[in-house]
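A look at the structure
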Amino acid sequence: MRVTTTVNGQRVELDDVWEGESLMYALRERAGLPGSKNACEQGECGSCTVYLDGVPVCSCLVAAGQSEGRDITTVEGLASKTDLHGVQQAFLDAGAVQCGFCTPGLLIAAHDLIARVPEPSDPDIREALAGNLCRCTGYEKIMDAVHLAADRAGARP
Amino acid sequence: MDFACPRTWAEALEVQAQEPDTVPICGGTDVMVDVNFDRRRPAALLDLTRVRDLQGWSHRDGRIVLGAGVTYARVIDELGDRLPGLAMAARTVGSPQIRNRGTVGGNLGAASPAGDSHPPLLATETVVVAESVRGARRIEIADFYTGVKRNALEPDELIREIEVEVAGGPQQFSKIGPRNAMVIAVAGFALALHPDVRRVGTGLGSASPTPRRAAEAEVFVAAEFDERGLWESRSELPESVAEEFGRRVGLATEPIDDVRGSAAYRKHAISVLARRALTWAWSDYRRHRL
Ligand SMILES: Cc1cc2nc3c(=O)[nH]c(=O)nc-3n(C[C@H](O)[C@H](O)[C@H](O)COP(=O)(O)OP(=O)(O)OC[C@H]3O[C@@H](n4cnc5c(N)ncnc54)[C@H](O)[C@@H]3O)c2cc1C
Ligand code: FES
Ligand code: FES
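It should be emphasised that the depicted structure is a prediction, and the values quoted were computed from it without experimental measurement.

About the cut-offs
Residues numbered from 1 in each chain as written. Chains lettered and ligands numbered in written order. Predicted model: local features only at pLDDT ≥ 70, side-chain atom pairs only at ≥ 80, totals over all residues. Heavy atoms only, no water. Helix = DSSP H or I, 4+ residues; strand = E, 2+ residues; numbered from the N terminus. Expected span 1.5 Å × (residues − 1). Buried < 20%, exposed > 50% of the residue type's maximum accessible area, 1.4 Å probe, protein only. Arc of directions from axis to C-beta. Contact = heavy atoms within 4.5 Å. Patch = residues over 30% accessible without salt bridge, like charges linked within 9 Å, V, L, I, M, F, W, Y side chains within 5 Å. Areas by Shrake-Rupley, 256 points an atom, 1.4 Å probe, with all protein chains shown as cover. Salt bridge = Lys/Arg side-chain N within 4 Å of Asp/Glu carboxyl O. Lys, Arg positive; Asp, Glu negative; His and termini not counted. Charge placed at Lys NZ, Arg CZ, Asp CG, Glu CD. Axes fitted to C-alpha atoms, helices over the stretch in contact; angles between N-to-C directions. Parallel < 35°, antiparallel > 145°, perpendicular 65-115°, else oblique. Left-handed = near helix turned anticlockwise from the far one by under 90°. Nonpolar A, V, L, I, M, F, W, Y, C, P; charged D, E, K, R; others polar. Buried area = accessible area lost by both parts, 1.4 Å probe. Polar contact = N/O pair within 3.5 Å; in protein donor to acceptor, adjacent residues only side chain to side chain. Pairing = 2+ DSSP bridges. Right-handed = clockwise from strand over helix to strand, strands pointing away. UniProt positions renumbered as here; feature names shortened; annotations may be inferred. Phe/Tyr/Trp six-rings, centres within 6.5 Å; stacked < 30°, edge-to-face > 60°. Lys NZ or Arg CZ within 6 Å of the ring centre and 35° of its normal.

1. Focus on helix H5 (residues 139–155) of chain A
Since the α-helix packs 3.6 residues into each turn, any two residues three or four apart lie on the same face. Residues and elements named next belong to chain A. For H5, which comprises 17 residues, the first-to-last C-alpha distance of 24 Å matches the rise-based estimate of 24 Å (1.5 Å per residue) to within 8%. Looking only at H5, the buried set comprises Ile142, Met143, Ala145, Val146, Ala149 and Ala150. The arc enclosing the buried residues of H5, seen along the axis, measures out at 160 degrees, which places them on a common side. Exposed residues lying more than 90 degrees from the buried face of H5 are Glu140, Asp151 and Ala155. In this structure, the buried side of H5 is in contact with helix H2 (86–93), helix H3 (103–116) and helix H4 (122–128).

2. Re a negative patch on the surface
All names here are of chain A. Taken together, Asp122, Asp124, Glu140 and Asp144 make up a surface patch of like negative charges. When contributions to the negative patch are tallied by element, the ones reaching two or more residues are H4 and H5. Structurally, Asp144 can be placed in helix H5. On the basis of relative accessibility, which here comes to 40%, the residue Asp144 falls in the partly exposed class.

3. Notes on the packing of H2(A) against H3(A)
Residue and element names in this part refer to chain A. Close contact between H2 and H3 brings their axes to 9 Å; oriented N to C, the two are set at 120 degrees. By the angle between their directions, the pair H2 and H3 is classed as oblique. Relative to H3, the crossing made by H2 is right-handed. On H3, the residues that touch Val87, Gln88 and Phe91 of H2 are Thr103, Leu106, Leu107, Ala110, His111 and Ile114. Residue classes in the contact of H2 with H3 are distributed as six nonpolar, three polar and no charged.

4. Some remarks on the interface of chain A and chain B
Contacts between chain A and chain B engage 33 residues on the former and 28 residues on the latter. Buried surface at the junction of chain A and chain B, both sides included, amounts to about 2,300 Å², of which 56% is carbon and sulfur. Per-residue buried area on chain A facing chain B is highest for Glu19(A), Leu61(A) and Gln66(A); these three make up 26% of the total on that side. Our count for the chain A to chain B interface comes out at one salt bridge. The partner of Glu127(A) in a salt bridge is Arg99(B), with the nearest N and O atoms 2.7 Å apart. The tally of links between chain A and chain B comes to 11 residue pairs in polar contact (both at pLDDT 80 or more). Contributions of two or more residues to the side of chain A that touches chain B are made by strand S3 (49–52), strand S4 (55–58) and H4 of chain A. Take the side of chain A that touches chain B: its biggest share by element is four residues, from S4(A).

5. Observations concerning the pairing of strand S4 (residues 57–60) of chain B
Residue and element names in this part refer to chain B. One ladder, built from four bridges, connects S4 with strand S5 (residues 63–67); its direction is antiparallel. Among the inter-strand pairings, Arg60 is bridged to a residue of S5, identified as Arg63. Here S4 folds back onto S5 in antiparallel fashion, the turn holding two residues, of which Asp61 has a positive phi close to 45 degrees.

6. Digging into the pairing of strand S2 (residues 22–25) of chain B
All names here are of chain B. In this structure, S2 lies alongside strand S3 (residues 44–47), joined through four bridges in parallel fashion. Among the inter-strand pairings, Thr22 is bridged to a residue of S3, identified as Ala44. Regarding topology, helix H2 (residues 31–36) serves as the crossover connection from S2 to the parallel S3, and that connection is right-handed.

7. Points about the UniProt feature "domain: FAD-binding PCMH-type" (unreviewed entry) in chain B
When the UniProt feature table is mapped onto this chain numbering, "domain: FAD-binding PCMH-type" (unreviewed entry) sits at residues 1–169 of chain B. Within the segment residues 1–169 of chain B, helix and strand shares are 33% and 27% respectively, and the terminal C-alpha atoms sit 48 Å apart.

8. Remarks on the packing of aromatic side chains
All names here are of chain B. Applying the stated criterion to the full structure yields seven aromatic pairs over all chains. Between Phe225 and Trp282 the ring centres are 4.7 Å apart and the planes differ by 55 degrees, which places this aromatic pair in the tilted class. Of this pair, Phe225 sits in helix H9 (residues 215–227) while Trp282 sits in helix H12 (residues 263–288), and the two are 57 residues apart along the sequence. There is no split in this pair, since Phe225 and Trp282 are both buried. When the centroid spacing of 4.9 Å and the interplanar angle of 45 degrees are considered together, the rings of Trp282 and Tyr285 count as tilted. Here Tyr285 and Trp282 lie together in helix H12, a separation of three residues that amounts to about one turn. The two residues Trp282 and Tyr285 agree in class, both being buried. Through successive ring pairs, a cluster of aromatic residues spans Phe225, Trp231, Trp282 and Tyr285. The ring of Tyr285 has Arg234 lying over it, and the distance from NZ or CZ to the ring centre is 4.0 Å.

Given below as structure tokens:
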């Protein structure tokens with residue numbers, strides 16, 4: 001079947017989508033957006049997290065067909081043409097990226113948190129990122145990165 | 001495989017009636033795991049996320065009529081005051097991503113003995129409204145669970161909504177698991193005080209082949225409260241009553257040994273959860289004078 005959605009602000013037509021296919025597979029293999037990672041395909045790790053109509057979800061648990069006509073933002077959609085998004089820059093600056101496999105999902109989850117809670121506490125961050133696993137276990141640096149991103153966003157005029 | 005995405009409820013019922021091997025999909029947090037791992041290859045998926053009627057809730061005669069497609073995130077944000085037990089349970093489900101997508105209707109569809117919606121729904125008066133092209137029927141929550149991961153739906157039926165009594169008193173939910181997120185309950189327990197009818201409702205999770213009430217413990221505690229005039233006096237709950245209540249809730253379990261916990265542990269854990277839940281709810285009742 002054909003699925004038409006908006007991904008990162010652009011209309012995308014996905015062809016030959018299998019009816020049981022996940023949105024994650026369709027994004028990676030058909031839309032040429034490999035940012036969202038495939039690590040568990042069962043909602044446990046969060047590396048495939050994308051915004052679906054503005055809400056963070058595990059794209060491995062969304063049937064591609066369910067995204068017809070919806071609005072998707074992937075990690076590729078966070079940065080502008082020239083600059084990384086503040087959350088991305090903070091992850092780099094804080095040393096919160098090791099192998100990087102969990103990073104795309106964490107960026108979406110952290111981006112969403114800071115939009116909702118501009119000055120998140122440690123418990124806020126732990127709660128918001130509870131669905132994102134990092135196997136390199138750089139959690140302390142990830143906490144630092146989210147604080148840094150929030151502080152910088154707050155400091156901006 | 002087919003993929004149907006009806007816009008209306010009537011159309012959805014039509015699709016389900018035509019091909020009984022159609023699997024409804026709402027949040028997909030159970031269905032897609034099975035499809036991704038090749039555990040399920042249904043003839044068709046029926047996407048219910050576009051059916052408007054399922055995505056909202058309303059208030060009717062002291063009940064909340066909860067559309068089958070309302071997510072946990074919305075239960076938490078919008079219904080925490082009216083359905084506190086269900087909202088407490090919803091807060092413990094999976095992760096933010098899972099709560100943004102998973103629904104109470106899907107939890108009922110899956111009917112896992114470990115599903116977190118079941119204990120709070122059992123502890124209050126809840127009716128599941130199922131519908132097919134043949135018509136609608138109301139199923140009392142206690143009759144809805146028919147076996148391990150089995151429910152009372154006929155192959156052509158879909159869940160339209162769930163009617164849950166608005167809380168008339170304090171409610172509690174607790175569950176046990178190895179960490180604070182992403183945990184399938186090793187044991188779960190919900191309790192609701194119903195001062196208007198002088199009843200204490202219970203719901204057990206991960207403690208028997210199906211979610212269930214601890215009926216005998218409910219009768220015991222209601223009799224104790226009546227005899228001691230506790231509903232009126234709101235005096236302190238005797239420890240012996242809480243203790244005996246917990247013990248009797250434990251007797252209502254029929255747990256299994258599995259990787260997450262032994263049967264003996266589960267029985268004990270449920271007793272402890274029940275004693276604490278009663279103590280907490282009672283102290284709320286004393287304080288708030290609801
Ligand atoms: C990582 C992860 C963590 C989880 N953690 C928890 C947890 O802590 N607690 C918990 O209880 N569950 C948990 N779950 C399981 C799941 O999220 C819940 O059962 C959820 O409520 C399912 O809702 P859904 O809308 O996603 O259902 P779906 O996957 O869309 O459907 C589930 C079942 O219900 C059927 N169904 C859906 N809607 C209807 C309808 N309207 N009428 C008839 N049948 C219907 C489907 O056909 C399917 O059989 C977890 C799942 C994952 C992947
Ligand atoms: S790949 Fe989707 S949550 Fe792990
Ligand atoms: S950086 Fe390697 S999994 Fe997180």
